[in-house]
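# Analysis of the macromolecular model
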Amino acid sequence: MKIAHLLGQYLLQNKKMQLQGIGEFVLDNFYENPFENEKGRVRLPGNTIQFSPDKKAKEDTGLIEFISQRTGKIRPLASSDLEDFLNIGKQLLNVSKQFYIEGLGTLILNDSSNYDFIQGNEVMVATAPEEINPKKRIVKREEHTDDMSFEDGYPKPAKTSANALRKLLILFALVLGLTIIGWIVYYFFQQWQDKKNGQENTLENIQPVIPSPAQAQDSLAAGKDSLATISPVNTNGDYTYKVVIETAKRQRALNRHKDLQKMGYDVQLSTEDSITFKLYTVVTGPLSDTSRSRDSITRFFGRKARIELK
């Protein structure tokens, strides 16, 4: 329903109407049976509407209530609609244009910068059409709480199910994203740990070499004291002893042991406290070769090796 039609209806019923910032309209000399009466419409006789300009006129609370009832909107929205309609009209008047109100007439700005009103001869809508009757469209909220929503008095299908599904999908995507991010962080952390523990080494292209007894006789005295209690394992005078290649923490030792075994080295692990591990190889040979074996393994692996009793 147009605001102009509602203004005409209100004036017909109330006989007086005030438009803020414009002035007051009064309906007089109006017959009970106006001529050319149509169904739901009337045509007013000339000079029936009297207008008193007043740019300081206040808002007509009765008019706002009337618009609110006819449109089904709350009072603030009804007031805003009327204000927008009148502001457009004032802008037209300020640039010397006519402000036409359908069913009522035309407002103009005279030479004294005041408003004049010329009543029209148009047919005025006298009653609200059936389809906009607020009694037919307003539905009690408490009766439709589960499946209806309201806006300006009109029942509308609720979107509860769609919103719940959307929220569920968003939650699922969030959990999945956090899971993927956590897995990526864990993966790269493990890679960093392996690298830190020396998983990458320069021994990949080195062919496996197992120390064998040397033929030269030297450094016998250097190892005699610590190996004095070792007995020969055979009649050729050969002895069996450990050459400790490296001592490291558990993860480092396990990784190192795995890598060296893949390369073909005969290495073993031992521990006394499950925290510190020894990576070693077993050598069988004359006591005179202990120092040579130790020095050879030290140079080969890049770590200082040491001899231990088996």
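Structure first, text after, so check above.
Residues numbered from 1 in each chain as written. Predicted model: local features only at pLDDT ≥ 70, side-chain atom pairs only at ≥ 80, totals over all residues. Heavy atoms only, no water.

The next thing to look at is the pattern of salt bridges. Counted according to the given criterion, the structure contains five salt bridges. With a closest N to O distance of 2.8 Å, Asp81 and Lys73 form a salt bridge. Overall, the relative accessible area of 26% leaves Lys73 in the partly exposed class. Residues Arg294 and Asp295 are paired through a salt bridge, measuring 3.5 Å at the closest nitrogen-oxygen approach. Each member of the salt-bridge network shares a partner with another, and the members are Glu246, Arg252 and Arg256. (Salt bridge = Lys/Arg side-chain N within 4 Å of Asp/Glu carboxyl O. Buried < 20%, exposed > 50% of the residue type's maximum accessible area, 1.4 Å probe, protein only.)

Now for the packing of aromatic side chains. Counting across every chain of the model gives 11 aromatic pairs. Their ring planes at 50 degrees and their centres at 6.0 Å tell us that Phe51 and Phe117 sit as a pair that is tilted. One end of the pair, Phe51, is in strand S4 (residues 49-53); the other, Phe117, is in strand S7 (residues 115-119), and 66 residues separate them in sequence. Phe117 carries the same exposure label as Phe51, and that label is buried. Ring pairs connect the aromatic residues Phe25, Phe51 and Phe117, which therefore count as one cluster. Positioned over the ring face of Tyr115 is Lys55, at 5.1 Å from the centre of the ring. (Phe/Tyr/Trp six-rings, centres within 6.5 Å; stacked < 30°, edge-to-face > 60°. Helix = DSSP H or I, 4+ residues; strand = E, 2+ residues; numbered from the N terminus. Lys NZ or Arg CZ within 6 Å of the ring centre and 35° of its normal.)

Strands belonging to one sheet form pairs held by backbone hydrogen bonds; the direction of such a pair is parallel or antiparallel. Strand order across the open sheet formed by three strands is S5-S6-S7, with antiparallel pairing between neighbours. Of all strands in the sheet, those with a lone pairing partner are strand S5 (99-101) and S7, marking the two edges. Between one strand axis and the next, the sheet turns by 20 degrees as a mean value, whatever way the strands run. (Pairing = 2+ DSSP bridges. Axes fitted to C-alpha atoms, helices over the stretch in contact; angles between N-to-C directions.)

Spatially, S1-S2-S4 is the arrangement adopted by the three strands of the open sheet, whose pairing is antiparallel. With one partner strand each, in any of the chains shown, strand S1 (16-19) and S4 form the two edges of the open sheet. Between one strand axis and the next, the sheet turns by 15 degrees as a mean value, whatever way the strands run. Bridge count for strand S2 (residues 23-27) against S4 is five bridges, and the pairing is antiparallel. Directly across from Glu24, in S4, lies its bridge partner Ser52. Its contacts with the sheet put helix H1 (residues 3-14) on S1, S2 and S4, and the angle it makes with S1 is roughly 140 degrees. (Contact = heavy atoms within 4.5 Å.)

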